[in-house]
Structure formats: C-alpha cells, structure tokens
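Take a look at the letters that make up each chain.
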Amino acid sequence: MHRGHDHDHHHGGGGHSHAQAHPHSHAGHNHGHGPSRVAQWQTPHLPEPPPAAEHLHDEPDLDLVEQAFVEGFSAASDPTSFLRLARVPFDAIAEDGTRVSLLRVESNATTDIGAVMPHLGGGSFRYDPLPKAMVSRRQQLRFVYFDGKGLRPLPLAEVRRLTEA
C-alpha cells in the first residue's frame, strides 16, 4: 500500500528513493496531482442570443462602441445633435431597399440577480439569489425605425449599414 513518498520503487535490479531526482512520470502510482477539473459549468442566466445580424460586426469592439454610445447619448443635452455626430441616419434606405425613418433610440439595462430551478415533476421550484460573482448585467441598444408598415428595431451594427436617403 502506498502512503506518501516514504516508499521505494523498484526498477529493474535496483531501487531508489523519491528523494532522488529522476525523469520518469509517476502516472498510475496513485499520487495526488492537485484538484480534479470541473467536468461542466453552467451559468444560470446566459444573455439572450443576439439576432444573427449582430454577428456581422463591421468594426472591432462594436460592443464597446455601443457602451460608449449609451453613456454619451444618455448624458447629451441635445440628443438630435448627438445622433448627427454619431452619424446615425434619420431617413435611410435599408439593405433590402426599404426606406426607413428613425423614431426613437431605446436603451435598457438588465441585471439578473436570482436563479430558479424546477423541482422534479414541475409543481414547484427552488429560488436562489446569485452571489456577486454570478450576477450578470447586459445592456441593449436599439434604434427603432418606421418602414412604412411597422416598427423595425435595429441594432447599431445594422444602423451602420444603412444608406442616407
């Protein structure tokens, strides 16, 4: 039975103590090798997947650009001038050829602070507040255009691809 490093290994005709340096591996000798890896980790609240159009970023770090836009837009004394500075078109042509007109800019923040887990059978659930390290925050920025038939909310990535009318 192996206990710690106070035993001898026998290799061929001789033996050596673990106090001596030797280059071979000890795999399979029941030695502790630190904590085992976590097999799977699940985040209780993942942000909702963005629409497919948001994956087509024309510029790097568009998420940081959106964050800066939200911060600046909310503090702007003249939102219309801010939109002009940011080159957000008021009247534009979408990629599908439809004329769109800007009605509003929406920005909302979501913070997930708790998680629920249904009990077996689904008749009840367990609620757990999330620790600080697991709280998730996300911000959503949408530009709401009217396309002649209805509202068309667009993310910044799509607004950047609009053509001035």
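Further up the page is the structure itself.
What you see is a predicted model, and the numbers here were worked out from it, not measured in a lab.

Asker: Help me understand the pattern of salt bridges in this model?
Answerer: For side chains of opposite charge, pairing can occur when their charged atoms come near one another. Summed over the entire model, instances satisfying the criterion amount to 7 salt bridges. Note that E106 and R104 form a salt bridge whose closest N and O atoms lie 2.8 Å from each other. Where salt bridges share partners, they join D96, D147 and R152 into one cluster.

Asker: Honestly, the pairing of strand β4 (residues 99–112) in this entry has me stumped. Any pointers?
Answerer: Walk down a regular strand and you will see the side chains alternate between the two sheet faces. By the bridge criterion, 3 bridges tie strand β3 (residues 91–93) to β4 in an arrangement that is antiparallel. Looking at the pairing, A92 lines up with V100 of β4. The antiparallel pairing of β3 with β4 creates a hairpin that spans 5 residues between the two strands, and G97 there sits at a positive phi of about 90°. Pairing of β4 with strand β7 (residues 136–146) involves 11 bridges; the strand directions are antiparallel. The residue of β7 that forms the bridge with T110 is R138.

Cut-offs used in this document
Residues numbered from 1 in each chain as written. Predicted model: local features only at pLDDT ≥ 70, side-chain atom pairs only at ≥ 80, totals over all residues. Heavy atoms only, no water. Salt bridge = Lys/Arg side-chain N within 4 Å of Asp/Glu carboxyl O. Pairing = 2+ DSSP bridges. Helix = DSSP H or I, 4+ residues; strand = E, 2+ residues; numbered from the N terminus.

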